[in-house]
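Structure assessment
Below, each chain spelled out in residue letters.
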Amino acid sequence: MNIIFGPVNSRRFGKSLGVDLSPGKKQCNFDCLYCELKSAKVVNNQTEIIEVKEIVSQIEPALNEHKDIDVLTLTANGEPTLYPHLNELIDKINQIKGSVKTLILSNGSTIAKPKIQEALAKLDSVKLSLDCASNECFKKLDRADKSVDLNQIKKGMIAFKNRYRGDLIIEILFVKGINDSKKEIEHLNSFLKELKPARVDIGTIDRPPAFDVKPLSYSELYKISLLFDASLNVSIAAKNTKESAKFSYSKEQILETLKRRPLTKDDINSLFDSNSLNNFKQLKTEGKICSKISGNIEFFTAKSD
Ligand code: SF4
């Protein structure tokens, strides 16, 4: 069975080679309204399990073939942390990967489990989803197995963050009319201020989902990004291609915006019209804007007076 896919170029992590820990069928403890995979019974454990040696035997030649890979990404047709030999697999990967970085994309459901924390702590980056911070919203959107508890997930994220040396990234996928209310964003913001992840990626549906749910526009995502605390490195994981939806900012407005929220290069290219881009470049030359890398991405902020 084909476990390796890619390489794909990811703007956030570089050239990535994917490792699918459930290549045969969807095995997930969530049934998200926005899932792109064919609907399947919600499960808490994998029943179709690939042996560690089989996975490693596919990773080794792939790494040899693609010498320019930046990151090996553990993912699944479903939830990768349901893979029962994750700890052993990560140890084996760390022995053979050389300088390649490691990353997992998880729905976050198992992060309260000490064994999962132990395994994930050995990866360079961990990206966990958190679409809702209130139970009502979580039940409606992510439709998890009844054994999954949102409060446990939040406690698990805090405990993991306290022990983890790598980059913890939180991903929020916004769905129109479900988790985009001011109240829900306030819940998310207050939890994330406590968690202090390296980066928060906000995005929306970009491929046809299983259910009839609607995406948000780029400008709606941008307005949401302003509701988060300025200390959180919020990055919009969507592109605005419409020139007419871009903004014209004076130099003062750019500095004001950067004080409220650090912006990535993608944000700047999506938000600024050509006049604003010139103003931005001038402010950089004048030394009024500085940059920092957080969660592998460059964020621009206004230099404090
Ligand atoms: S966690 Fe991922 S794979 Fe599982 S249902 Fe949600 S979107 Fe689909």
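Residues numbered from 1 in each chain as written. Predicted model: local features only at pLDDT ≥ 70, side-chain atom pairs only at ≥ 80, totals over all residues.

1. Describing the domain arrangement of the chain
- The assigned domain composition of the chain is domain 1 (4-238) and domain 2 (240-305).
- With 18 residues of domain 1 at the contact, the number on the domain 2 side is 15 residues.
- For the side of domain 1 that touches domain 2, the secondary-structure elements that each account for two or more residues are β6 (167-174), α7 (218-225) and β8 (234-236).
- The biggest single contributor to the side of domain 1 that touches domain 2 is α7, with four residues.
- When its residues are assigned to classes, the side of domain 1 that touches domain 2 shows nine nonpolar, five polar and four charged. (Domains from an automatic or database assignment. Contact = placed C-beta atoms within 7 Å. Helix = DSSP H or I, 4+ residues; strand = E, 2+ residues; numbered from the N terminus. Nonpolar A, V, L, I, M, F, W, Y, C, P; charged D, E, K, R; others polar.)

2. Considerations on the sheet that holds strand β10 (residues 289-294)
- Overall, antiparallel pairing links the three strands, which are arranged β9-β11-β10 in an open sheet. A strand with exactly one partner marks an edge of an open sheet, and here the two such strands are β9 (263-264) and β10.
- Pairing between β10 and strand β11 (residues 297-302): six bridges, direction antiparallel. Opposite I289, over in β11, you have A302 as the bridge partner.
- Strand contacts of helix α8 (residues 251-260): β9, β10 and β11, with the helix running at about 120 degrees to β11, the strand carrying the most contacts. (Pairing = 2+ DSSP bridges. Axes fitted to C-alpha atoms, helices over the stretch in contact; angles between N-to-C directions.)

3. Here we look at the site of the ligand
- Lining the immediate environment of the ligand, one finds C28, F30, D31, C32, C35, L37, G78, E79 and N107.
- Partitioned by chemical class, the residues of the shell around the ligand number five nonpolar, two polar and two charged. (Near = placed C-beta within 6 Å.)

4. Quick look at α8
- I254, T257 and L258 are the residues of α8 that are buried. For α8, the angular spread of buried residues about the axis comes to 95 degrees, placing them on one side. Facing away from the buried side of α8 by over 90 degrees, the exposed positions are E252 and E256.
- Residues of α8 that are buried sit in contact with β9, α10 (274-285), β10 and β11. (Buried ≥ 20, exposed ≤ 12 C-beta atoms within 10 Å, placed from the backbone. Arc of directions from axis to C-beta.)

5. Observations regarding the packing of helix α5 (residues 150-163) against helix α6 (residues 182-195)
- With their axes 10 Å apart at the nearest point, α5 and α6 run at an angle of 25 degrees to one another. Here α6 runs roughly parallel to α5, going by the angle between their axes. On α6, the residues that touch K154, M157, I158 and K161 of α5 are F191, E194 and L195. (Parallel < 35°, antiparallel > 145°, perpendicular 65-115°, else oblique.)

6. Remarks on the environment of I104
- Relative to the helices and strands, I104 is located in strand β4 (residues 101-106).
- Residue I104 is classed as buried on the basis of its C-beta count, with 24 C-beta atoms lying within 10 Å.
- Taking the C-alpha atoms as reference points, I104 and D124, 20 residues apart in sequence, are found 8.9 Å from one another.
- For I104, the residues in contact, after removing those within four places along its chain, are L74, P80, L120, L123, V126 and K127.

7. What about the sheet that holds strand β7 (residues 199-204)?
- As summarised here, the arrangement of the eight strands in space is β1-β2-β3-β4-β5-β6-β7-β8, forming an open sheet in which the pairing is mixed. Here the strands that pair on one side only, and so sit at the sheet edges, are β1 (4-10) and β8. Going from strand to strand, the sheet's axes swing by 25 degrees on average, the running direction of each strand aside.
- With five bridges connecting them, strand β5 (residues 125-129) and β6 associate as parallel partners.

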